[in-house]
Amino acid sequence: HQQSFRWRRKRVPNASLEVLEVYPGSVAAAAGVKTGQLYIVEQDRAIAPLWDSIQARSKSGRMRSQFIDPVARTVTHIETEGFPWGMRLERPQTLVRQDVQNISAPPTVWIERVLKGSDAVFDELTHAALMGCTRSLIPGFSAIRPESRVVTLTAPTANQRYLLVGAAIAAARRGHSRLARKLMPTLDEALMRGTVSTVQAIGLYGEALVSMAEGKPLERVTNLLSAAFQRVPESKRLAGALTEAGTPTTAAPEHVAAHPMPLMYVLPNVDPLDGPIDLRRAAASPSVSLAECLAALEPHQLGVVIAMSDYRVNGPYASLLYNLVSLYPTIKSHLPFVHVISAVGNISEGSSGARPDFVKRWRFADDLARARNIPLRVLYDDGGRCNSALDVQATPAMFLVDRHGTVHYRGGDSHDGPFWRALDRLKTQGTDTAPGAGVKVSLAIG
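This one's a predicted model, so the numbers in the text were calculated from it and none came from an experiment. Each chain has its residues counted from 1, following the order in which its sequence is written. With pLDDT at 70 or above as the cut-off, local features in this predicted model cover only qualifying residues; side-chain atom pairs require 80 or more to be listed or tallied, and sums for whole chains, interfaces and linings still use all residues. Excluding hydrogens and water, the side-chain values take into account all heavy atoms of the structure.

Asks: Run through the sheet that holds strand 11 (residues 376-380), naming residues and quoting values.
Replies: Strands were regarded as paired on the criterion that DSSP finds at least two bridges between them. The way it works is that DSSP assigns letters per residue, a run of H or I at least four long becomes a helix, a run of E at least two long becomes a strand, and they are numbered from the N terminus. Taken in spatial order, the 6 strands of this open sheet run 6-13-12-9-10-11, and their pairing is mixed. Strand pairing shows two members of the sheet lacking a second neighbour, strand 6 (259-260) and strand 11, which therefore form its edges. Summarising the sheet, strand 10 (residues 337-342) and strand 11 pair through 5 bridges and their orientation is parallel. By the bridge assignment, Ile341 is partnered in strand 11 with Leu379. Contact definition: two residues touch when any of their heavy atoms are within 4.5 Å. In this analysis, axes come from line fits to C-alpha atoms, helices being fitted only over the stretch in contact, and the angle between any two N-to-C directions falls in the range 0 to 180 degrees. Where helix 13 (residues 315-331) meets the sheet, it contacts strand 9 (303-307), strand 10, strand 11 and strand 12 (397-401), and its direction lies at approximately 165 degrees from that of strand 9.

Asks: Requested: an account of unusual backbone geometry, with residues and values cited.
Replies: Within the chain, Asn373 stands out as a residue other than glycine whose phi angle is a positive 65 degrees. Within the element layout of this structure, Asn373 appears in the loop between helix 15 (364-371) and strand 11. In this model, Asp391 sits at a positive phi of 55 degrees, which is unusual for a non-glycine residue. Mapped onto the secondary structure, Asp391 falls in the loop between helix 16 (385-389) and strand 12.

Asks: If you had to explain the side chain of Asp416 to someone new, which residues and values would you point to?
Replies: Locating Asp416 in the fold gives a position in the loop between strand 13 (406-411) and helix 17 (417-428). Put simply, Asp416 is tucked away with no salt bridge, and the nearest opposite charge, on Arg57, sits 7.3 Å away. The definition of a polar contact used here is a pair of N or O atoms within 3.5 Å, where within protein one atom must be able to donate a hydrogen and the other to accept one, and adjacent residues in sequence count solely through side-chain atom pairs. One polar contact links the side chain of Asp416 to the main-chain amide nitrogen of Gly86, over a distance of 2.8 Å. Among the polar contacts made by the side chain of Asp416, one reaches the side chain of Trp420 at a distance of 2.8 Å. Discounting residues that sit within four places of it in the chain, Asp416 has contacts with Tyr23, Trp51, Trp85, Gly86, Met87, Asn323 and Leu327. For the exposure calls, accessible area comes from a 1.4 Å probe over protein chains only, and a residue counts as buried if that area is under 20% of its type's maximum, exposed if over 50%, partly exposed in between. When charges are tallied, Lys and Arg are placed among the positive residues and Asp and Glu among the negative ones, while His and the ends of the chain are skipped. In the sections that follow, a salt bridge refers to a side-chain nitrogen of Lys or Arg positioned within 4 Å of a carboxyl oxygen of Asp or Glu.

Asks: Residues and numbers for the confidence of the model for the protein chain, please.
Replies: Per-residue pLDDT for the protein chain has a mean of 86; in total, 87% of the residues score no lower than 70. Every residue carries a pLDDT, the predictor's confidence in it, which falls somewhere between 0 and 100. Across residues 432-446, confidence stays below pLDDT 50; counting only partners more than four residues off in sequence or on other chains, it has 45 contacts.

Asks: Tell me about the pattern of salt bridges, residues and numbers included.
Replies: All told, the structure shown has 24 salt bridges when counted by the stated rule. Glu112 is paired through a salt bridge with Lys116; the nearest N and O atoms lie 2.7 Å apart. Of the two residues, Glu112 and Lys116 both sit in helix 3 (residues 107-116), 4 residues apart, roughly one turn of that helix. The class of Glu112 is partly exposed, set by a relative accessible area of 28%. Where Glu214 meets Lys216, a salt bridge forms, and the shortest distance between an N and an O atom there is 3.1 Å.

Below, the structure written as structure tokens:
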């Protein structure tokens, strides 16, 4: 049945995410979800929701999801078997701006938009950071003649340090070089330790713009921009800044696909979580050949390869794997194997990525994957040679590969978009039926 159900609120609900894209062949597409709708996040308290905060992703059985159309001012209830996978969901821009101005926005919510969004979004968020940081972290600050007074910062939290970078960017672009330098945090380990490449890039980009405003040597500015661009090569903003600095640069496609897998490895199936790996133990373990695994794939299937370099687990890996665990029941017929490549041979006090306390903190997703029967095998990369051949710059680096050895995605996104795009690519090549086929969906409005 269909009933008209009006949405009478004027403000965007705080616990909502905007549908920015619906992936072809997905459950969301079959259920009739539309871009521009607001997905209402069900949770105990109205915090700023992220994709990772949607607990409903892991639900099974019939569930009802609520979507608001802010233009038509209607509310739609959609019933699906499990979560309606196949939507790119992000916090609405109006709420992100409010969070930034209230200096409460997590870095990953706004940094991606600053580096990859439109000029209007870039200006809006950096200006909000400048307004929020100067109001909250500089006692008695006045926007009138900001260069004429001494700036004393209240000690910021870790998240607020990144917002100070956004504020410094805005000040530098307005020509307030002294204020920009006071706002700009030092590029120390605390600012640059984030394993998310965009978080590292914003610090480098901010320092480049502040240095430029101060009239520092062009070589310094170019080196900083190049380091930022290396971490986010799909950023048109960073590519444009390099071009303006005299180094013509073109941004890479955001979703790298349709190129050959650079390495066909043969590695021992042995996991340092089961005990220290020595050469004898590695030699006695069964070897796994990527070429053989790919040859066994059917036309509609993909192999999942997750390269971890000198980490066995970390925060971004846990997010990626947890998402895959939740998604897997919906598309498990398309994913017959998952390989995790790690150069860690011993969980010890050695490298930061292999400390026992670090591993204990982030291995929960790994344990959950095994408990949910994800076909996951850990492969030992002695000396990190495979990760070098795969040119892993940040971990995790996930590759979705078809039976011909073609990579349909490479990156570290911890949502379901890469899978639907890759499966749709197989379908459009005429090698597969629709990935969403066989999913039971019912639609109810009202």
